Amino acid sequence: MEETSISKAAVYPKSESFDGPVVKGYNFPDGEVDYNALLNAYATTGFQATNFGAAVDMINEMLDAKSMPFEGYEMEGVRQESGCTIFLGFTSNMISSGIRESIKFIVKENLVDALVTTCGAIEEDIMKCLAPHQVGRFDFDGKTLRSKGLNRIGNLIVPSKNYELFEAWLLPLLNFMYDEQKEKGKIWSPSKIISLMGERINNEDSVLYWAWKNNIPVFCPAITDGAVGDVMYFNSYEREGFIVDLIQDIRGINRMAVGAEKSGMIILGGGVIKHHIANANLMRNGADYTVYINTAQPFDGSDSGATPDEAVSWGKIKHGCKEPVKIYCEATLVFPLVVAQTFAKYHRKKMAEHMLTAEKTQDE
């Protein structure tokens with residue numbers, strides 16, 4: 001008996017009460033699936049589904065704050081259009097993939113205030129206006145692809161000819177900017193180059209086009225790390241001395257953060273885009289709202305894998321703000337669903353309000 005008592009005490013320790021939501025997923029009906037209810041049920045499903053629900057709540061709070069008028073300290077030349085400045089960061093593979101269309105929607109509807117990305121996203125957004133990427137497989141043989149002039153991004157294929165089309169498109173712009181520098185003394189920054197690219201592509205499928213149209217700056221501190229840099233390199237032998245001023249842009253993004261009444265970060269992936277946004281928010285003692293979506297782990301000490309709490313220690317996320325969220329997931333799986341539950345609903349609500357106001361005005 002004593003032996004059993006010892007075992008039972010070990011197996012059944014006294015429980016304290018715990019006040020938390022009940023674990024419950026979506027009950028599939030006999031009829032049609034209610035996808036809104038399905039996604040809402042993620043919050044109480046557990047694991048990364050619960051983090052998804054928390055991310056949706058966090059972004060909706062950003063958008064609620066964004067719907068308020070700006071009442072902060074006004075700074076000349078800084079985009080201060082609302083009560084929350086939202087920074088959206090994404091690695092280049094997001095534009096390689098169909099996530100480009102989700103990002104385009106957000107930018108087209110003017111729902112964020114700044115983009116931060118890497119060079120591949122800049123070139124591939126333009127390239128997709130010239131020729132398509134195609135779906136392949138992760139296990140295609142690299143040697144065979146190389147012999148056929150086919151480049152693989154995960155399970156996506158980009159023919160080398162697409163890069164030739166991009167070079168032919170970009171060269172006249174580089175020469176135009178070089179002439180502006182030599183003749184008028186204009187010094188270009190990455191964001192100014194990207195804005196010109198968005199204007200000149202003049203294609204409504206392009207993220208950069210809508211960023212230019214809506215005056216949303218696109219910051220790319222690694223502008224030469226890709227095909228843009230390749231074309232600049234080749235062209236430098238013909239027209240040496242083209243200057244790209246990074247300091248203009250570090251002032252630009254840092255001043256946006258400092259001038260924000262509230263600040264939100266949504267970051268897909270890691271590396272330079274993640275740190276660039278977070279470091280800008282250090283200048284204001286941290287962002288108020290944060291959502292990370294990536295697969296990186298913290299054990300190697302990389303910034304990509306660094307948890308939101310590590311950013312709190314640096315002052316990049318504000319101490320005492322609502323708990324920041326990280327979804328450990330590959331972004332193509334979840335970001336369209338996040339957009340559906342946040343930006344898309346917000347946009348529909350604003351459109352309905354606008355129509356109601358227009359109808360009332362018409363009746364008067």
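Values in this document were obtained by computation on a predicted structure and should not be read as measured data.

Undergrad: How should the environment of histidine 319 be read in this particular structure?
TA: Along the chain, histidine 319 turns up in the loop between helix H14 (308–314) and strand E9 (325–328). For the pair histidine 319 and glycine 46, spaced 273 residues apart in sequence, the C-alpha separation works out to 26 Å.

Undergrad: So what exactly am I meant to see when it comes to the nonpolar core here?
TA: Generally speaking, soluble globular proteins have nonpolar side chains that are buried together. Core analysis: the biggest nonpolar cluster contains 69 residues, and Ile103, Phe166 and Phe335 have the highest contact counts within it. Not counting residues within four places of it along the chain, the set of residues in contact with phenylalanine 335 comprises Leu88, Ile99, Ser102, Ile103, Ile106, Ile266, Leu268 and Ile293. Residues Val78, Phe87, Ile253 and Ala257 belong to the second largest nonpolar core, which totals 19 residues.

Undergrad: Which parts of the structure should I look at to understand the state of the cysteines?
TA: Should the sulfur atoms of two cysteines be covalently bonded, the bond is a disulfide. Applying the stated criterion to the full structure yields 0 disulfides. Residue cysteine 84 stays outside any disulfide, its sulfur separated by 12 Å from that of cysteine 321, the closest cysteine. You can call cysteine 84 buried: its relative accessible area is 0%.

Undergrad: What am I meant to see in the layout of surface pockets here?
TA: Regions of empty space are outlined by a rolling probe, equal in size to a water molecule, passed over the atoms. Counted as a void, the largest pocket has a volume near 450 Å³. Forming the walls of the largest pocket are 23 residues, and the residues nearest its centre are Gly77, Ser191, Pro217, Phe219 and Gly252. Sorting the residues of the lining of the largest pocket by element identifies helix H9 (190–201), helix H10 (207–213), strand E6 (218–219) and helix H12 (246–258) as the ones contributing at least two each. Tallying contributions element by element places H12 first for the lining of the largest pocket, with 6 residues. Around the second largest pocket, the lining is made up of 23 residues, and of these Asn93, Met94, Glu330, Ala331 and Thr332 lie nearest the centre. When residues of the lining of the second largest pocket are traced back to their parent elements, those giving at least two are helix H4 (92–96), strand E8 (289–294) and helix H15 (331–341). Among the elements that make up the lining of the second largest pocket, the one with the highest residue count is H4 (3 residues). Class assignment of the residues belonging to the lining of the second largest pocket gives a composition of 9 nonpolar, 13 polar and 1 charged.

Undergrad: So what exactly am I meant to see when it comes to the pairing of strand E1 (residues 85–90) here?
TA: One face of the sheet, then the other: side chains in a regular strand alternate in exactly this way. Among the 6 residues in E1, 6 count as buried, and that is most of the element. Every second residue of E1 is oriented toward a common face, with Thr85, Phe87 and Gly89 on one face and Ile86, Leu88 and Phe90 on the other, all of them buried. The sheet contact formed by E1 and strand E7 (residues 263–268) spans 6 bridges and is parallel. Within E7, the residue paired with phenylalanine 87 across the bridge is methionine 265. Bridge count between E1 and strand E2 (residues 114–116): 3 bridges; the pairing is parallel. Considered in E2, the bridge of glycine 89 is made with valine 116.

Undergrad: What is the right way to read empty space enclosed by the protein from this model?
TA: Enumeration according to the criterion identifies 1 cavity of 30 Å³ or more in this entry. As a volume, the largest cavity reaches approximately 40 Å³. In terms of lining, the largest cavity is formed by Phe90, Ile95, Leu115, Thr117, Ala121, Ile122, Asp125, Val207, Leu208 and Val218. In terms of residue class, the lining of the largest cavity is made up of 8 nonpolar, 1 polar and 1 charged.

Undergrad: Is there a simple way to think about the sheet that holds E2 in this case?
TA: Each strand in a sheet pairs with another by means of backbone hydrogen bonds, the pair being arranged parallel or else antiparallel. Read across the open sheet, the 6 strands follow the order E6-E2-E1-E7-E8-E9; overall the sheet is parallel. Where the open sheet ends on each side, the last strands, each with one partner, are E6 and E9. Pairing of E7 with E8 involves 5 bridges; the strand directions are parallel. If you follow isoleucine 266 over to E8, its bridge partner there is valine 291.

Undergrad: Would you mind going over the pattern of salt bridges with me for this structure?
TA: Oppositely charged side chains can pair when the atoms bearing their charge come close. Using the criterion set out here, one finds 12 salt bridges in the structure. In this structure, aspartate 288 and arginine 284 form a salt bridge, with 3.1 Å as the shortest nitrogen-oxygen distance. There is no split in this pair, since aspartate 288 and arginine 284 are both buried. Bridged by salt links that share partners, the residues Lys66, Arg79, Glu81 and Asp113 form one connected network.

Undergrad: Just checking my understanding: could you explain the packing of aromatic side chains for this structure?
TA: For any pair of aromatic rings, the description consists of the separation of the ring centres together with the inter-plane angle of the planes. On inspection of all chains with the given rule, the structure shows 7 aromatic pairs. On the numbers, 6.5 Å between centres and 65° between planes, the contact of phenylalanine 176 with tryptophan 188 is edge-to-face. One end of the pair, phenylalanine 176, is in helix H8 (residues 160–184); the other, tryptophan 188, is in the loop between H8 and H9, and 12 residues separate them in sequence. Residue classification places phenylalanine 176 among the partly exposed positions, given a relative accessible area of 31%. The exposure class of tryptophan 188 is buried, given its relative accessible area of 3%. Through pairs of rings, three or more aromatic residues link up here, namely Tyr209, Trp210 and Trp212. Residue placement shows lysine 186 over the ring face of tryptophan 188; its charged tip is 4.0 Å from the ring centre. Note that arginine 200 overlies the ring of phenylalanine 176, its terminal NZ or CZ placed 4.8 Å from the centroid.

Rules of the game
Residues numbered from 1 in each chain as written. Predicted model: local features only at pLDDT ≥ 70, side-chain atom pairs only at ≥ 80, totals over all residues. Heavy atoms only, no water. Helix = DSSP H or I, 4+ residues; strand = E, 2+ residues; numbered from the N terminus. Core = buried A, V, L, I, M, F, W, Y, C linked by side-chain atoms within 4.5 Å. Buried < 20%, exposed > 50% of the residue type's maximum accessible area, 1.4 Å probe, protein only. Contact = heavy atoms within 4.5 Å. Disulfide = S-S within 2.5 Å. 1 Å grid on protein atoms, 1.4 Å probe; cavity = no way out; pocket = protein on both sides within 12 Å on 5 of 7 lines; lining within 4 Å. Points joined across faces, edges and corners; volume = space filled by probe spheres on them. Nonpolar A, V, L, I, M, F, W, Y, C, P; charged D, E, K, R; others polar. Pairing = 2+ DSSP bridges. Salt bridge = Lys/Arg side-chain N within 4 Å of Asp/Glu carboxyl O. Phe/Tyr/Trp six-rings, centres within 6.5 Å; stacked < 30°, edge-to-face > 60°. Lys NZ or Arg CZ within 6 Å of the ring centre and 35° of its normal.

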